[in-house]
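Observations on the model geometry
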Amino acid sequence: MHNSDQFTKQVKSGTNIQENKKRYETLLDKICLMAGVVTGILQLESTYGFLAFIITYLMAVIVYTLWICNGRPGSFYENTISDLLFDNFTRELMGFIMAWTFSFALIG
């Protein structure tokens with residue numbers, strides 16, 4: 001390893017990674033809750049509602065990766081696939097269902 005390589009190697013801080021995860025989680029919370037409300041207002045039922053969640057969730061991950069992370073999520077997260085796709089899935093699904101059923105009941 002050359003001397004100049006020592007100083008150009010990127011160091012990932014655990015504190016920064018945790019902060020990035022927290023901000024990402026907050027963003028997903030807001031997006032999925034709003035998508036749930038919209039899905040309920042549109043009176044989507046059953047498979048269409050869950051399909052709306054999957055599309056919203058995947059689009060949020062893709063837009064976040066391309067726009068916020070500039071297409072380089074590895075620079076901000078340790079395990080990108082796990083951190084961006086799987087860690088928050090159940091939490092966001094439950095928030096989506098809560099907002100979906102609440103707004104569906106109010107409108108219907």
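Computed from a prediction, not measured in an experiment: that's the story for all the values here. (Residues numbered from 1 in each chain as written. Predicted model: local features only at pLDDT ≥ 70, side-chain atom pairs only at ≥ 80, totals over all residues. Heavy atoms only, no water.)

Let us now look at the UniProt feature "transmembrane region" (unreviewed entry) in the protein chain. As annotated in UniProt, the feature "transmembrane region" (unreviewed entry) corresponds to residues 50-69 and 89-107 in the numbering used here. With 95% helix and 0% strand, the stretch residues 50-69 has end C-alpha atoms that lie 27 Å from each other. Annotated as 100% helix and 0% strand, the span residues 89-107 places its first and last C-alpha atoms 27 Å apart. (UniProt positions renumbered as here; feature names shortened; annotations may be inferred. Helix = DSSP H or I, 4+ residues; strand = E, 2+ residues; numbered from the N terminus.)

This part takes up helix H3 (residues 46-68). Counted at 1.5 Å a residue, the expected span for H3 with its 23 residues is 33 Å, and the 32 Å between its end C-alpha atoms agrees. On the buried face of H3, the contacting elements are helix H2 (14-41), helix H4 (80-86) and helix H5 (89-107). One or two residues past the end of H3 sits Asn70, with phi positive at roughly 55°. (Expected span 1.5 Å × (residues − 1). Contact = heavy atoms within 4.5 Å.)

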